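Examining the three-dimensional arrangement
The lines below spell out each chain.
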Amino acid sequence: MIPSSNNAQTPPSPGYYPSSRISTIGFDQGYRNLWGPQHQRLDQGTLTIWLDTYSGSGYKSLEPYQSGYFGAAIKLQPGYTAGVITSFYLSNNEEHPGNHDEIDIEFLGTTPDKPYTLQTNVYIRGSGDGRLIGREMKIHLWFDPTQDFHKYGILWTPSEILFFVDDIPIRRYPRKSDATFPLRPMWVYGSIWDASSWATEDGKYKADYSYQPFIGRYQNFKIGGCTANAPATCRPPSASPSVSGGLSQQQYSAMEWVQKNYLAYDYCADPKRDHTETPEC
């Protein structure tokens, strides 16, 4: 499933750029430190968080949201990063411990000879608590995410969840039923932490602190959404120029290009999974 290196490196244009419609905010306008305050630094609009033997670090939005576009430009650490996860995600696990919802973008650290894996995931009403029922899709990127900042975003609407990389949709998760879709308000988070037990090749390679500190850099924060107490008339930003807000044909083509060339794992296609637990497949 690992794509060959002779893939076309330039994705087709999606024709529409949702992040460009949302103004950038300063970190302090939308977020605060949640844990590891000594491992977080803000300098000229760039937030740096890091993991070492003492601690990782995480941040959290000031408000909960019921829908919206949430994004940041992120630059990852090069070299040996096995076991380390750099993340940007939505969750209500503090509000609903043991029964929470979550929408994830997670960069799974790696060994120097292999590319980072970008994992997207959705948990609904406790499927990420106790006995896990994950809905993971993993892709490799068509660029080196350690060389520069790239834009990553989540668009969560009442009808679907879209994941974007540089405004190219990489995954669409539609609301096929209320039981398989997160409907309760969530906060926005980012973090860097040690997930050695599973992050890299199912835990085969663990964090090696002789390479510390492990650093994640975030800038260009964007939140365009409906807060939890927004009026019912509030609408999240559109994914496309169309009135319906759904992806255009050009965006679908770009997403198909990504999934054809760079898909590394799709839970719906995993024969080892019990698909009665994931009826949307």
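Here the structure is a predicted model, which is why all the values come from computation and not from measurement. (Residues numbered from 1 in each chain as written. Predicted model: local features only at pLDDT ≥ 70, side-chain atom pairs only at ≥ 80, totals over all residues. Heavy atoms only, no water.)

**Remarks on the side chain of aspartate 167**
Position of aspartate 167 relative to the elements: it lies in the loop between strand E12 (160–165) and strand E13 (168–174). Within the structure, the side chain of aspartate 167 is placed 2.7 Å from the side chain of serine 19, a separation counted as a polar contact. (Helix = DSSP H or I, 4+ residues; strand = E, 2+ residues; numbered from the N terminus. Polar contact = N/O pair within 3.5 Å; in protein donor to acceptor, adjacent residues only side chain to side chain.)

**Thoughts on the UniProt feature "active site" (unreviewed entry) in the protein**
In this structure's numbering, the residues bearing the UniProt feature "active site" (unreviewed entry) are Glu102 and Glu106. Among the annotated residues just listed, those that line the largest pocket are Glu102 and Glu106. Take glutamate 102: it is sitting in strand E8 (residues 102–108). Of the residues examined, glutamate 102 reaches a relative accessible area of 12% and is grouped as buried. Filtering out sequence-adjacent residues up to four positions away, glutamate 102 remains in contact with Tyr89, Leu90, Ser91, Asn121, Val122, Tyr123 and Met186. A polar side-chain atom of glutamate 102 sits 2.6 Å from a polar atom in the side chain of histidine 100. If near-sequence neighbours (up to four positions away) are discounted, glutamate 106 is found in contact with Ile85, Thr86, Ser87, Thr117, Leu118, Gln119, Trp193 and Trp198. (UniProt positions renumbered as here; feature names shortened; annotations may be inferred. 1 Å grid on protein atoms, 1.4 Å probe; cavity = no way out; pocket = protein on both sides within 12 Å on 5 of 7 lines; lining within 4 Å. Buried < 20%, exposed > 50% of the residue type's maximum accessible area, 1.4 Å probe, protein only. Contact = heavy atoms within 4.5 Å.)

**Things to note about helix H2 (residues 249–262)**
With 14 residues, H2 extends 20 Å from end C-alpha to end C-alpha; this agrees with the ideal 20 Å at 1.5 Å per step. All of the buried residues in H2 are Gln251, Ala254, Met255, Trp257, Val258, Asn261 and Tyr262. The buried residues of H2 occupy an angular sector of 150 degrees when the element is viewed end-on, so they sit on one face. The outward face of H2, more than 90 degrees from its buried face, is lined by the exposed residues Gln249, Glu256 and Lys260. Structurally, H2 contributes buried residues whose contacts are with strand E10 (137–139), E13 and strand E16 (263–266). (Expected span 1.5 Å × (residues − 1). Arc of directions from axis to C-beta.)

**Things to note about the confidence of the model for the protein**
Residue-level pLDDT values for the protein average 94, and 97% of them are 70 or greater. In the model, residues 1–7 has pLDDT below 50 throughout and makes eight contacts with residues more than four positions away in sequence or in other chains. (pLDDT = per-residue confidence, 0-100.)

**Section: the state of the cysteines**
Applying the stated criterion across every chain yields a total of two disulfides. Here cysteine 226 pairs with cysteine 234 through a disulfide, and the sulfurs are 2.1 Å apart. Linking cysteine 226 and cysteine 234, the disulfide has an S-S dihedral of approximately -95 degrees and is accordingly described as left-handed. A residue is classified by how much of its surface remains accessible, and cysteine 226, at 1% relative accessible area, is buried. When its relative accessible area of 25% is taken as the criterion, cysteine 234 is described as partly exposed. A sulfur-sulfur distance of 2.0 Å marks the disulfide that ties cysteine 268 to cysteine 281. Taking the sign of the torsion about the S-S bond as the criterion, the disulfide between cysteine 268 and cysteine 281, at about -80 degrees, is left-handed. (Disulfide = S-S within 2.5 Å.)

**As for the pattern of salt bridges**
Enumeration according to the criterion identifies nine salt bridges in this entry. Among the ionic pairs, arginine 172 bridges to glutamate 160, the shortest N-O distance being 2.5 Å. Of this pair, arginine 172 sits in strand E13 while glutamate 160 sits in strand E12, and the two are twelve residues apart along the sequence. A salt bridge links arginine 175 to aspartate 178; the nearest nitrogen and oxygen atoms lie 2.8 Å apart. Under the relative-accessibility criterion, arginine 175 is labelled partly exposed at 32%. Classification of aspartate 178 as partly exposed rests on a relative accessible area of 47%. (Salt bridge = Lys/Arg side-chain N within 4 Å of Asp/Glu carboxyl O.)

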